[in-house]
Amino acid sequence: MPKVLIVEDEPLIRLLLEQTLEGFEDHGVEVLTVDNGLDAVEMIRAERPALVLLDVMMPKMNGFEVCSFVKQQLHMNDVYIIMLTSKGQEQDKLKAIEAGTDEYITKPFSIQEVADRVAAALKIRI
Amino acid sequence: MIMSKLFKKTLLIIIVLFAVIALTTLISSGWNLYHDLTEEYKSKGTAIASSIAGSSVETLLNRDASTVQAMIDQFTEIIGVSYVFVVDAQGEIISHTFIPNVPDEILKIQTSKNVAPTDLHIRGRGDFIDISSPIVEGAVGYVHVGMDKGIIMSQLQAAMIRQIYLLSLIFIVSVAAAYVFVNRVSQPLNKLTEYSRKLAQHDFTAQVEIRSKDEVGLLADTMQSMAIELSEVFERYELALKDAIIELQNTLAYLTTVIDHMADGLLVSDIDGIITHVNPALSSMFGMRESDLMGKSCREVFGDDLAEIIQQSRRNPEAVYTTEIGLAGGRVGKAVATGIQHGYFPLEGTEKGIGSVILIRDITSEKEVDRMKTDFISTVSHELRTPLTSVKGFTEIIKKKLEEDILKLVVAHDRKSERAIKRVRDNINIILSESERLTTLIDDLLDIAKLESGKVVWKMERISINEVISRAHDATSALFDKKGLVFIRRIDESLPEFIGDRDKLIQVVINLLANAVKFTPAGTVTCSAVRRNGELLVSVIDSGIGIAEGDRASIFEKFKQAGDTLTDKPRGTGLGLPICKQIIEHHGGRIWVESETGKGSIFSFTLPLSIASPVEAAASMR
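Keep in mind that what you see is a predicted model, and the values were worked out from it rather than measured.

**Here's the deal with the overall build of chain A**
Per the secondary structure count, chain A includes 6 helices and 5 strands. The order of helices and strands in chain A, counted from the N terminus, is β-α-α-β-α-β-α-β-α-β-α. For chain A, the residues scored as buried account for 50% of the 126 residues in total. In chain A, the share of contacts with a sequence separation of at least 24, taken over all contacts with a separation of at least 6, comes to 62%. Total accessible area on chain A stands at roughly 6000 Å², and carbon and sulfur atoms take up 47% of it.

The structure is reproduced here in structure tokens:
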């Protein structure tokens, strides 16, 4: 049963992402959420999600750090990471790629785009 | 004593003249005298000969040689008579006065019956005139008298010498007279010369004492009055000059004061980039003393950036070049350089400019404000993004749920509920499109803030305009389809690749295409790319409503959309074209619009094709 982890400190955005991925639960996808980077690392290590939607700006540990820790320290390359960067912040995109992310979506995002990308990454047809 | 030049000339003329006169007089009088004396001697000789002939008939007939001898001997006493001899009819010499014997030349002529005087040269005795007179018509013989020519010559010589003495005397007297006369004329002239020399040395107090009434006196008077007038003129000019100098000094002092009290730094460099003038503001900006700056090379003191714009301004004095420059104490200055043109200083030279004037303003606080503004915009945009993402996302979810799950549950098909469904649907779409617009506005705001503050990372690489236009068209094709407009591509396929930022240029073309679609109700939108004057010229041509003349200049300014904001619905962020302008100018190109109200607009931009130019352009933009 594939798991998807949402890492987002803003409650409303977290809620929005949760609702966006509601439809995936019918396809046997389990949606997990955390609101900071440290918990995210713990959760990834414990749950081994198939996909992580990872926000950049977060307390304790930011998205880049989480991403590079998972990919480079834990060598969990089978975890597909989609980072949520801010549009127009060129440096963020570069940093995300350096950190080893698989993909990035710029904020503000369209929920349809998020749903499509997640579906593609999990090879699920909705 | 130095002879005056005038006298020298006069003397020369006198000598030449005198020589000619003396020579002609001598020759003519000598000739005349010679003639007269010869004639005199001839008649004298003839008289003697006839007298001898008359008185000696008897003697001759008697052939009394000794008597004849005695008679003829006495005639030789007469001055001029050199010899006398008598010949008989047979030509034999009866007697003669030759000592010791008759010379051969006499023997040759004695037989001659000719009685005309004959010139005769006797060797060893000299020249003679031989005069013969017949005795009894030649029946008895002839008397020959020889008159000595030597005496004629000596008399002639004596006369000539006398004449030469006389002429010399006249010559000396005339030279003396000429000297006195010339001196009298040249002395006042010398004085005048001396006087005019003094005048030439501006000594107007000098006096000349010539009281004569002739032309020289007149000239002296004229010169004196001229000198007085000259001195007055000089005095007037000197006064005027003094005034002018004072005025000039005042103006200069005024200008210097103005320059010295300028808040901006002023720097003047000559054609070789050597500092020729600085004001106190400039010295203190760089924390240097004026004496440390003067005469130094700009490149050496202020670095390459400033030296570069100075060089550019010199090459093109009409243009203004700017750069930023570090000041003392970590402050930042903006330098503006312009070339000094020949207008005020008509100098020769091949180069157009004769130097540069550079103004430097401390823009540290402006930069700080600018940075704060950029930071502010960036923070605000960031803060706005999160709620905006929620609004947009939740609305999308609401819409989806509404369409998929809720609306189909509505069973009542009365008009009221149908209208309510339409309202809800429309309003949700409005929320979505408005949040979309808000998103674009925030993105654009952030873009322009970053472009203006130079925080954009440019990815300059080799790109083709074909690709840029294709990708821009792909991104906007949905807009074309929605309005049913036709997109026409007119791209010169032979265009070379150039250096630019692909994504930014795609953004520009997308913006222009989206604008064209937005303002074209029906018809076509053409995108063309050609090479012109070594540049790439890209145009987006629409057949839309056009832009009123008054709006054309301002549409590239921030938040200046064409049209009246009170009556017209805003249709964009008002930042699209300013962003395009920033991007194109960063590439060293230009962007402009041509339009005719009701017929359409042409938005064009150029990009330099040479590889080096974008870098150079970027350098000049700093």
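**Looking at the sheet that holds strand E2 (residues 93-96) of chain B**
Residue and element names in this part refer to chain B. In spatial order, the strands read E2-E1-E5-E4-E3; together these 5 strands make up an open sheet with antiparallel pairing. Single-partner strands in this sheet number two, and they are E2 and strand E3 (118-122). Between one strand axis and the next, the sheet turns by 30 degrees as a mean value, whatever way the strands run. With 5 bridges joining them, E3 and strand E4 (residues 126-135) adopt antiparallel strand pairing. Its bridge partner being in E4, isoleucine 122 is matched across the sheet by glycine 126. Relative to E4, helix H1 (residues 5-55) is tilted by about 40 degrees, and along the sheet it contacts strand E1 (81-88), E4 and strand E5 (141-148).

**Digging into the interface of chain A and chain B**
When the parts of a complex come together, some accessible area is lost, and that lost area is often used as the size of the interface. With 21 residues of chain A at the interface, the matching set in chain B holds 17 residues. For the pair chain A and chain B, the summed buried area comes to about 1800 Å², and 61% of that belongs to carbon and sulfur atoms. Counting across the chain A and chain B interface gives 1 salt bridge. Residues B:Lys401 and A:Glu22 are paired through a salt bridge, measuring 3.6 Å at the closest nitrogen-oxygen approach. On inspection of chain A and its partner chain B, the count reaches 2 residue pairs in polar contact (both at pLDDT 80 or more). Those elements giving two or more residues to the side of chain A that touches chain B turn out to be helix H1 (11-20), helix H5 (90-99) and helix H6 (111-122) of chain A. Considering only residue class, the side of chain A that touches chain B consists of 8 nonpolar, 8 polar and 5 charged.

**With respect to the packing of aromatic side chains**
All names here are of chain B. Under the counting rule described, the total for this entry stands at 9 aromatic pairs over all chains. Taking 5.9 Å as the distance between ring centres and 40 degrees as the angle between the ring planes, the aromatic pair formed by phenylalanine 85 and phenylalanine 98 counts as tilted. Of this pair, phenylalanine 85 sits in strand E1 while phenylalanine 98 sits in the loop between E2 and helix H4 (104-109); the two residues are 13 residues apart in sequence, bridging distant segments of the chain. Ring-pair connections join several aromatic residues into one group, and the members of that group are Tyr83, Phe85, Phe98 and Phe128.

**Structural notes on the pairing of strand E17 (residues 600-608) of chain B**
Residue and element names in this part refer to chain B. In terms of burial, E17 is a largely internal element, 8 of the 9 residues being buried. Of the pairings in the sheet, the one linking strand E15 (residues 535-542) to E17 comprises 7 bridges and is antiparallel in character. Across the sheet, glutamate 535 pairs through a bridge with proline 608, a residue of E17. Bridge count for strand E16 (residues 591-596) against E17 is 6 bridges, and the pairing is antiparallel. What sits directly across from glutamate 594, in E17, is isoleucine 602.

**Side note on the nonpolar core**
Counting residues in each nonpolar core, the largest one holds 43 residues, and the members touching the most others are B:Ile465 and B:Phe605. Looking at this core element by element, the count peaks at 8 residues for helix H14 (residues 502-518) of chain B. If we ignore the near neighbours within four places in the chain, the residues touching B:Phe605 are B:Val508, B:Val509, B:Leu512, B:Leu536, B:Leu537, B:Val538, B:Ile584, B:Arg590, B:Ile591 and B:Trp592. Core analysis: the next-biggest nonpolar cluster, separate from the first, contains 24 residues, A:Ile6, A:Val31, A:Leu53 and A:Val114 among them.

**A closer look at the pattern of salt bridges**
Residue and element names in this part refer to chain B. This model, assessed by the stated rule, comprises 30 salt bridges over all chains. Between arginine 197 and glutamate 194 there is a salt bridge, with the nearest N and O atoms lying 3.5 Å from each other. One end of the pair, arginine 197, and the other, glutamate 194, are both in helix H5 (residues 149-200), 3 residues apart, so they sit about a helical turn from each other. On the accessibility criterion, arginine 197 (48% relative accessible area) is partly exposed. Among the residues examined, glutamate 194 registers a relative accessible area of 39% and is labelled partly exposed. With a shortest N-O distance of 3.5 Å, glutamate 467 and arginine 471 are connected by a salt bridge. You can see glutamate 467 and its partner arginine 471 sitting in helix H13 (residues 465-483), 4 residues apart, about one turn around the helix. Overall, the relative accessible area of 28% leaves glutamate 467 in the partly exposed class.

**Remarks on the sheet that holds strand E5 (residues 103-107) of chain A**
In any sheet, the strands associate via hydrogen bonds between backbone groups, in a parallel or an antiparallel arrangement. All names here are of chain A. Spatially, 5 strands are ordered E2-E1-E3-E4-E5 in an open sheet, and the strand pairing comes out parallel. Only two strands of the sheet have a single neighbouring strand rather than two, namely strand E2 (30-34) and E5. Taken pair by pair, the neighbouring strands of this sheet meet at an average axis angle of 20 degrees, ignoring direction. Looking at chain direction, strand E1 (residues 3-7) and E2 are connected through 5 bridges and run parallel. Bridge pairing in E2 links leucine 5 to leucine 32.

**Some remarks on the packing of H1(B) against H5(B)**
Residue and element names in this part refer to chain B. Orientation of H1 relative to H5, taken along the N-to-C sense of each, is 160 degrees, at an axis distance of 9 Å. The angle between H1 and H5 places the two elements in the roughly antiparallel class. Pair H1 / H5 crosses with right-handed handedness. Grouping the amino acids of the contact of H1 with H5 by side-chain chemistry returns 28 nonpolar, 9 polar and 1 charged.

**Focus on helix H3 (residues 37-47) of chain A**
Think of an α-helix as 3.6 residues a turn; residues three or four steps apart then line up on the same face. Residues and elements named next belong to chain A. Buried within H3 are the following residues: Gly37, Ala40, Val41 and Ile44. Angular distribution of buried residues about the axis of H3 spans 100 degrees; they occupy a single face of the element. Its side-chain oxygen at 3.0 Å from the backbone nitrogen of leucine 38, asparagine 36 defines the N-terminal cap of H3.

**Digging into the packing of H5(B) against helix H6 (residues 215-260) of chain B**
All names here are of chain B. Contact pair H5 / H6: the axes reach a minimum separation of 10 Å and the direction vectors enclose 10 degrees. Judged on the interaxial angle alone, H6 and H5 are roughly parallel. Only Val216, Leu219, Ala220, Met223, Gln224 and Ala227 of H6 make contact with H5, whose side of the interface consists of Pro188, Leu189, Leu192, Tyr195, Ser196 and Leu199. Tallied by class, residues from the contact of H5 with H6 come to 10 nonpolar, 2 polar and no charged.

**Quick word on a negative patch on the surface**
The grouping of A:Glu18, A:Glu25, A:Asp26 and A:Glu30 at the surface amounts to a negative patch. Structurally, A:Glu18 can be placed in helix H1.

**A word on the side chain of B:Thr97**
Residue and element names in this part refer to chain B. One can find threonine 97 in the loop between E2 and H4. A distance of 3.0 Å separates a polar side-chain atom of threonine 97 from the backbone nitrogen of valine 84. Setting aside its immediate chain neighbours within four residues, threonine 97 contacts Gln69, Ile72, Asp73, Thr76, Ser82, Tyr83 and Val84.

**Points about unusual backbone geometry**
Residue and element names in this part refer to chain A. Note the cis peptide between lysine 107 and proline 108, where omega equals -5 degrees. For lysine 60, which is not glycine, the phi dihedral falls at a positive 70 degrees. Relative to the helices and strands, lysine 60 is located in the loop between strand E3 (51-55) and helix H4 (63-73). Take lysine 60: its relative accessible area is 66%, and that puts it in the exposed class. Within the chain, lysine 123 stands out as a residue other than glycine whose phi angle is a positive 55 degrees. For lysine 123, the position within the fold is in the segment after H6. The exposed category is assigned to lysine 123, whose relative accessible area is 75%.

Thresholds applied
Residues numbered from 1 in each chain as written. Chains lettered and ligands numbered in written order. Predicted model: local features only at pLDDT ≥ 70, side-chain atom pairs only at ≥ 80, totals over all residues. Heavy atoms only, no water. Helix = DSSP H or I, 4+ residues; strand = E, 2+ residues; numbered from the N terminus. Buried < 20%, exposed > 50% of the residue type's maximum accessible area, 1.4 Å probe, protein only. Contact = heavy atoms within 4.5 Å. Areas by Shrake-Rupley, 256 points an atom, 1.4 Å probe, with all protein chains shown as cover. Pairing = 2+ DSSP bridges. Axes fitted to C-alpha atoms, helices over the stretch in contact; angles between N-to-C directions. Buried area = accessible area lost by both parts, 1.4 Å probe. Salt bridge = Lys/Arg side-chain N within 4 Å of Asp/Glu carboxyl O. Polar contact = N/O pair within 3.5 Å; in protein donor to acceptor, adjacent residues only side chain to side chain. Nonpolar A, V, L, I, M, F, W, Y, C, P; charged D, E, K, R; others polar. Phe/Tyr/Trp six-rings, centres within 6.5 Å; stacked < 30°, edge-to-face > 60°. Core = buried A, V, L, I, M, F, W, Y, C linked by side-chain atoms within 4.5 Å. Parallel < 35°, antiparallel > 145°, perpendicular 65-115°, else oblique. Left-handed = near helix turned anticlockwise from the far one by under 90°. Arc of directions from axis to C-beta. Patch = residues over 30% accessible without salt bridge, like charges linked within 9 Å, V, L, I, M, F, W, Y side chains within 5 Å. Lys, Arg positive; Asp, Glu negative; His and termini not counted. Charge placed at Lys NZ, Arg CZ, Asp CG, Glu CD.

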